[in-house]
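Below, each chain spelled out in residue letters.
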Amino acid sequence: MTSEPAEQLLFDLGLGQRPALGAEDFIVSASNRAAVELVDAYPAWRDRAVVLVGPEGSGKTHLAHVWQLRSDAAIVSAGDITEAVMAEHARRRAIVIEDLDRGLADEHMLFHLLNQLRDLGGHVLLTARNAPGAWTLAMPDLRSRARALPVVNIGEPDEALLRAVIVKLLADRQLIASPPAVTHLARHMERSMSMALQIVEALDRRVWQSMQPVTRDLAREVLAAIGRGDGTRG
């Protein structure tokens, strides 16, 4: 997983147009280091089930896919836990359940899955935007079990992470920005990965239309346009 300074990432990350979900494409910073260390530690986990908690766009899904590659886990959303999913976990001994905070279609299924984990072994990685104590669960036994699960947090992206992400996204489009431009964007943008992608897409359109480099002035213009609502995707 990448931890080099943003300027070096221009040379180290390579090019490509598809979203990458491998470990080598995940940029590490203080805000996500604990979650990365959790994934890196597999299979030597102390607990059978762990909850990965972080805000929207913080990298939970990316890390879940990294763990899937290492564990051969199945990945399902919390609303799709069925008997077939139970059978798949029994076969693979690893599963990712995403978006627990958005509600379960069948609470009994998750409860049985956690019991199956205890009986058969294996591991479960659960993801959510908030901690288990904030989930809406009607079953008292499941609520108690969920609140006892260990939690690893991903924080809001810090400035260093946003700088590195912006440089990588620009490099994916064969664009290079001046260090002052990247610093200005990371310092003044909304702190989310989705906003970083929106900004780079807007920069790509501006550069393609005007053939100008990505300068700090252009960075200011794009941030202002997005703030006005006229720099959105389209």
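Residues numbered from 1 in each chain as written. Predicted model: local features only at pLDDT ≥ 70, side-chain atom pairs only at ≥ 80, totals over all residues. Heavy atoms only, no water.

Trainee: Explain the overall build of the protein here, please?
Mentor: A tally of regular secondary structure across the protein gives 10 helices and 5 strands. Considering the protein as a whole, with its 234 residues, one finds that 50% of them fall into the buried category. Residue pairs at least 24 apart in sequence account for 74% of intrachain contacts in the protein once pairs closer than 6 positions are excluded. When the accessible area of the protein is evaluated, it comes to approximately 11,500 Å², of which 50% is carbon and sulfur surface. (Helix = DSSP H or I, 4+ residues; strand = E, 2+ residues; numbered from the N terminus. Buried < 20%, exposed > 50% of the residue type's maximum accessible area, 1.4 Å probe, protein only. Contact = heavy atoms within 4.5 Å. Areas by Shrake-Rupley, 256 points an atom, 1.4 Å probe, with all protein chains shown as cover.)

Trainee: Which parts of the structure should I look at to understand the nonpolar core?
Mentor: The nonpolar side chains of a soluble globular protein tend to be buried with one another. Counting 30 residues, the largest nonpolar core has Met 189, Ile 199 and Leu 203 as its most contacted members. Elements represented by at least two residues in this core include exactly helix 7 (159-172), helix 8 (179-188), helix 9 (193-210) and helix 10 (216-228). Apart from residues lying up to four places away in sequence, Leu 203 is in contact with Leu 170, Leu 185, Val 214, Leu 218 and Val 222. One finds Ala 49, Leu 117, Leu 137 and Leu 149 within the second-largest nonpolar core, a separate group that totals 28 residues. (Core = buried A, V, L, I, M, F, W, Y, C linked by side-chain atoms within 4.5 Å.)

Trainee: Can you walk me through the environment of Ser 71 in this structure?
Mentor: Mapped onto the elements, Ser 71 comes out in helix 3 (residues 60-71). We classify Ser 71 as buried; its relative accessible area is 10%. A C-alpha to C-alpha distance of 8.0 Å links Ser 71 and Tyr 42, two positions 29 residues apart in sequence. What Ser 71 contacts, discounting residues up to four positions off in sequence, is Tyr 42 and Ala 94. Within polar-contact distance, the side chain of Ser 71 engages the backbone nitrogen of Ala 73 at 3.3 Å. (Polar contact = N/O pair within 3.5 Å; in protein donor to acceptor, adjacent residues only side chain to side chain.)

Trainee: Sorry, what's going on with the pairing of strand 1 (residues 49-53) here?
Mentor: Both faces of the sheet carry side chains from a regular strand, because those side chains alternate between them. For strand 1, the tally of buried residues reaches 5 of 5 residues, placing the bulk of the element in the interior. Burial along strand 1 is two-sided: the face carrying Ala 49, Val 51 and Val 53 and the face carrying Val 50 and Leu 52 are both buried. The pairing of strand 1 with strand 4 (residues 123-128) spans 5 bridges and is parallel. Paired with Leu 52 across the strands is Thr 127, a residue of strand 4. For strand 1 and strand 5 (residues 151-153), the ladder comprises 3 bridges, and the chain directions are parallel. The partner of Val 51 across the bridge, within strand 5, is Val 151. (Pairing = 2+ DSSP bridges.)

Trainee: How should I be thinking about the side chain of Gln 116 in this particular structure?
Mentor: Residue position: Gln 116 is located in helix 5 (residues 107-120). Within polar-contact distance, the side chain of Gln 116 engages the backbone oxygen of Met 86 at 2.9 Å.

Trainee: So what exactly am I meant to see when it comes to the packing of aromatic side chains here?
Mentor: Working definition: an aromatic ring pair is given by the centre-to-centre distance plus the angle between the planes. Counted under the stated rule, the structure contains 3 aromatic pairs. Each ring, one from Tyr 42 and one from Trp 45, has its centre 5.5 Å from the other, and the planes form 80 degrees; the classification is edge-to-face. Of the two residues, Tyr 42 and Trp 45, both sit in the buried class. Consider the rings of Trp 45 and Trp 67, whose centres lie 5.3 Å apart with planes at 15 degrees: the pair is stacked. Of the two residues, Trp 45 sits in the loop between helix 2 (33-41) and strand 1 while Trp 67 sits in helix 3, which places them 22 residues apart along the sequence. As far as burial versus exposure is concerned, Trp 45 and Trp 67 are alike and both buried. A connected cluster of aromatic rings, assembled from ring pairs, spans Tyr 42, Trp 45 and Trp 67. (Phe/Tyr/Trp six-rings, centres within 6.5 Å; stacked < 30°, edge-to-face > 60°.)

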